Amino acid sequence: MSALKKELGLWQGMGLLATSLLGTGIFVVPATAASLAGGASLWAWVLLIVLVLPIAFTFARLGRRYPHAGGAPHLIGLAFGNGAERFSAFLFLAVLPVGLPAALTIAAGFWHALFDLGEWTLWAIQLLTLLGVFLLGLRGARSSGNLQLLIALAILGLTLLIWFKGDLSWRDAAQPLPTAAEWPAMGTALALMFWCFVGLEAFAHMGEEFKRPERDYPLALLGGVLLAGLIYWVHSLVVLKYGLYGDEATNATAIPALLSLLFGPTAKWLVAILGYLSCFASINIYLQGFARLIWSMAREGKLPVSLSRLSARGAPLNALCWVLAICFVSITLILWLRLPLDELIRYANGNFVLVYLLCMAAGWRLLGGMGKGLAALSVLLCLAVLVALASQVLYAALLSAGYGVFSLWRRRRRRALATDNICAIK
């Protein structure tokens with residue numbers, strides 16, 4: 001049976017996850033959180049990291065015990081059966097036509113900030129981004145890990161430059177504890193900030209490619225979460241110190257404005273390059289994760305066997321080509337129909353939380369001891385986030401209802417066919 005090449009180490013894994021979590025959020029979310037909760041947003045980041053750690057620990061324990069390219073759907077299937085695995089895989093893959101095109105549009109937008117580009121030129125940049133993901137996919141997971149480790153180090157270096165050039169100190173972080181009146185605003189900010197830590201489920205698909213998954217996978221996951229959390233916290237601190245938050249336009253340009261203030265007008269090139277690379281890293285791990293999910297299901301006979309073929313370097317090339325083809329069709333249709341990407345991606349967020357919820361429930365079923373307790377706590381956290389999302393769960397709810405109707409129709413059709421065959425034999 002074909003198998004993915006085991007070539008990821010601890011540092012490549014940390015780079016993959018940290019850049020996946022940072023993505024586009026590093027340029028927008030700190031300022032938006034500050035506009036919602038003010039100085040209390042610094043406490044919100046600390047609270048969020050504490051709340052996310054049980055989810056990260058649960059993923060780490062599951063990945064150490066069950067390293068598999070099927071990721072979260074595979075774990076859900078182990079706990080609740082093939083039907084639950086197919087349903088969670090459907091929810092995960094249903095993000096592809098809406099969430100990834102939005103991320104591609106944001107990535108191309110960084111170049112639009114430098115040059116006056118038309119819609120079709122931006123579309124061409126999105127195609128080149130997909131080509132870059134394809135070329136990395138040809139070389140295997142190690143190449144993606146090395147590149148994203150360099151991007152993570154570049155973002156960390158920029159964060160250190162901001163700390164020293166911005167004359168920050170730990171005294172600036174000495175915010176008083178939130179008052180009772182500030183807690184509602186903190187709750188709203190937390191619901192937004194949670195999306196900075198969406199990406200753990202995509203990283204789960206890489207577990208089978210670690211050289212030593214029992215050791216390096218959980219360390220890479222936890223290290224990546226803490227590194228990303230620290231970078232978000234520092235960026236929030238500097239945004240608060242310089243007052244670079246407020247309305248939507250100010251929040252969207254907070255980090256570029258800060259860099260221009262600290263390093264001069266040429267900093268816009270630094271913003272464009274790092275912003276694009278950060279987006280590229282997030283897009284890359286998601287598309288590679290989607291490809292590994294499809295490859296895994298094909299290997300187990302749940303999808304056409306042709307999708308289980310590997311390249312000479314042990315990469316799931318056929319599955320990746322299908323993923324990229326769906327992205328190509330999606331970005332073209334979205335441009336042609338002028339669909340509202342911001343709304344589509346917000347509704348797609350419900351899919352991620354629902355997959356998280358099912359995976360944490362699987363952890364409660366599969367793990368024992370402290371792992372079971374952490375998984376139970378994570379289930380409660382995911383339920384709270386699901387409630388906080390309110391109408392944004394609509395996309396996931398409609399998909400779930402549609403999937404349920406289709407599954408019921410398919411079961412009835414199979415029974416009818418089986419009855420007809422029995423009658424024909426008689």
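Residues numbered from 1 in each chain as written. Predicted model: local features only at pLDDT ≥ 70, side-chain atom pairs only at ≥ 80, totals over all residues. Heavy atoms only, no water.

Under the annotation held in an unreviewed UniProt entry, the chain carries the name L-methionine/branched-chain amino acid transporter and is attributed to Aeromonas popoffii. Heading Subcellular location (unreviewed entry) of the UniProt record for the chain holds this comment: "Cell membrane". (UniProt positions renumbered as here; feature names shortened; annotations may be inferred.)

1. Some points on the overall build of the chain
Within the chain, the secondary structure is distributed over 18 helices and 0 strands. In terms of overall size, the chain behaves like a compact globule, its C-alpha atoms giving a radius of gyration of 22 Å where 426 residues would be expected to give roughly 22 Å. Overall size of the chain, expressed as C-alpha extent along the three principal axes, is 85 × 50 × 45 Å. Out of the 426 residues in the chain, the part that is buried amounts to 54%. The long-range fraction of contacts in the chain, counting pairs at least 24 apart against all pairs at least 6 apart in sequence, stands at 84%. Of the charged side chains in the chain, 31 are positive and 18 negative, and the gap between their average positions amounts to 12 Å. (Helix = DSSP H or I, 4+ residues; strand = E, 2+ residues; numbered from the N terminus. Rg over C-alpha atoms; globule rule 2.2 N^0.38 Å. Buried < 20%, exposed > 50% of the residue type's maximum accessible area, 1.4 Å probe, protein only. Contact = heavy atoms within 4.5 Å. Lys, Arg positive; Asp, Glu negative; His and termini not counted. Charge placed at Lys NZ, Arg CZ, Asp CG, Glu CD.)

2. Considerations on a nonpolar patch on the surface
Among the surface-exposed residues, Phe328, Val329, Leu333, Trp336, Leu337 and Leu339 lie close enough to one another that they form a single nonpolar patch of about 600 Å² accessible area. Turning to its location among the elements, Phe328 is positioned in helix α15 (residues 317-337). Taking the relative accessible area as the measure of exposure, Phe328 reaches 37% and is therefore partly exposed. (Patch = residues over 30% accessible without salt bridge, like charges linked within 9 Å, V, L, I, M, F, W, Y side chains within 5 Å. Areas by Shrake-Rupley, 256 points an atom, 1.4 Å probe, with all protein chains shown as cover. Salt bridge = Lys/Arg side-chain N within 4 Å of Asp/Glu carboxyl O.)

3. A word on empty space enclosed by the protein
In the structure shown here, the tally under the stated rule is 2 cavities of 30 Å³ or more. Estimated volume of the largest cavity: approximately 50 Å³. As for the largest cavity, its lining consists of Phe59, Gly63, Tyr66, Pro67, His68, Gly71, Leu75, Ala204, Gly207 and Tyr217. At the level of elements, α3 (40-65) and α4 (71-80) are the ones that each hand at least two residues to the lining of the largest cavity. Volume-wise, the second largest cavity comes out at about 40 Å³. Lining the second largest cavity, in full, are Ile26, Phe27, Ile155, Leu158, His235 and Leu274. Among the elements of the structure, α2 (25-37) and α8 (141-165) are those that each provide at least two residues to the lining of the second largest cavity. Partitioning the lining of the second largest cavity into residue classes produces 5 nonpolar, 1 polar and no charged. (1 Å grid on protein atoms, 1.4 Å probe; cavity = no way out; pocket = protein on both sides within 12 Å on 5 of 7 lines; lining within 4 Å. Points joined across faces, edges and corners; volume = space filled by probe spheres on them. Nonpolar A, V, L, I, M, F, W, Y, C, P; charged D, E, K, R; others polar.)

4. Brief notes about the packing of aromatic side chains
Tallying each qualifying case throughout the model produces 14 aromatic pairs. A ring pair is formed by Phe87 and Tyr403, whose centres lie 5.4 Å apart and whose planes are at 50°; its orientation type is tilted. Placement of Phe87 in helix α5 (residues 82-93) and of Tyr403 in helix α18 (residues 394-425) is noted, with a sequence separation of 316 residues between them. Each member of the pair, Phe87 as well as Tyr403, is classed as buried. With 6.3 Å between their ring centres and 40° between their planes, Tyr286 and Phe290 make a pair best called tilted. Remark: Phe290 and Tyr286 occur in helix α14 (residues 267-299); sequence separation between them is 4 residues, near one turn of the helix. Residues Tyr286 and Phe290 agree in their burial class; the two are buried. Here the aromatic cluster, defined as three or more aromatic residues joined through ring pairs, consists of Phe92, Tyr286, Phe290 and Phe352. Seen from the ring of Trp364, Lys372 lies directly overhead, with NZ or CZ sitting 4.6 Å from the centre. (Phe/Tyr/Trp six-rings, centres within 6.5 Å; stacked < 30°, edge-to-face > 60°. Lys NZ or Arg CZ within 6 Å of the ring centre and 35° of its normal.)

5. Description of helix α13 (residues 254-263)
Listed in full, the buried residues belonging to α13 are Ala254, Ile255, Leu258, Leu259 and Leu262. Projected onto a plane normal to the axis of α13, the buried residues spread over an arc of 125° and lie on a single side. Downstream of α13 by a residue or two, Gly264 has a phi angle that is positive, lying close to 95°. (Arc of directions from axis to C-beta.)

6. Describing the packing of α13 against α14
At their nearest, the axes of α13 and α14 sit 8 Å apart, and the two run at 140° to each other. Classified by the interaxial angle, the pair formed by α13 and α14 is oblique. Both α13 and α14 take part in a crossing whose hand is right-handed. Of the residues in α14, those touching α13 at Pro256, Leu259, Ser260 and Phe263 are Ala267, Leu270 and Val271. For the contact of α13 with α14, a count of residues per class yields 6 nonpolar, 1 polar and no charged. (Axes fitted to C-alpha atoms, helices over the stretch in contact; angles between N-to-C directions. Parallel < 35°, antiparallel > 145°, perpendicular 65-115°, else oblique. Left-handed = near helix turned anticlockwise from the far one by under 90°.)

7. Observations concerning the layout of surface pockets
For the second largest pocket, the calculated volume is near 410 Å³. Lining the second largest pocket we find 17 residues, and of these Phe90, Leu93, Met297, Lys302 and Leu303 sit closest to its centre. Looking at the lining of the second largest pocket, the elements with two or more residues in it are α5, α6 (96-112), α14, α15 and α18. In terms of residue count, the dominant contributor to the lining of the second largest pocket is α5 (4 residues). Residues that form the lining of the second largest pocket fall into these classes: 14 nonpolar, no polar and 3 charged.

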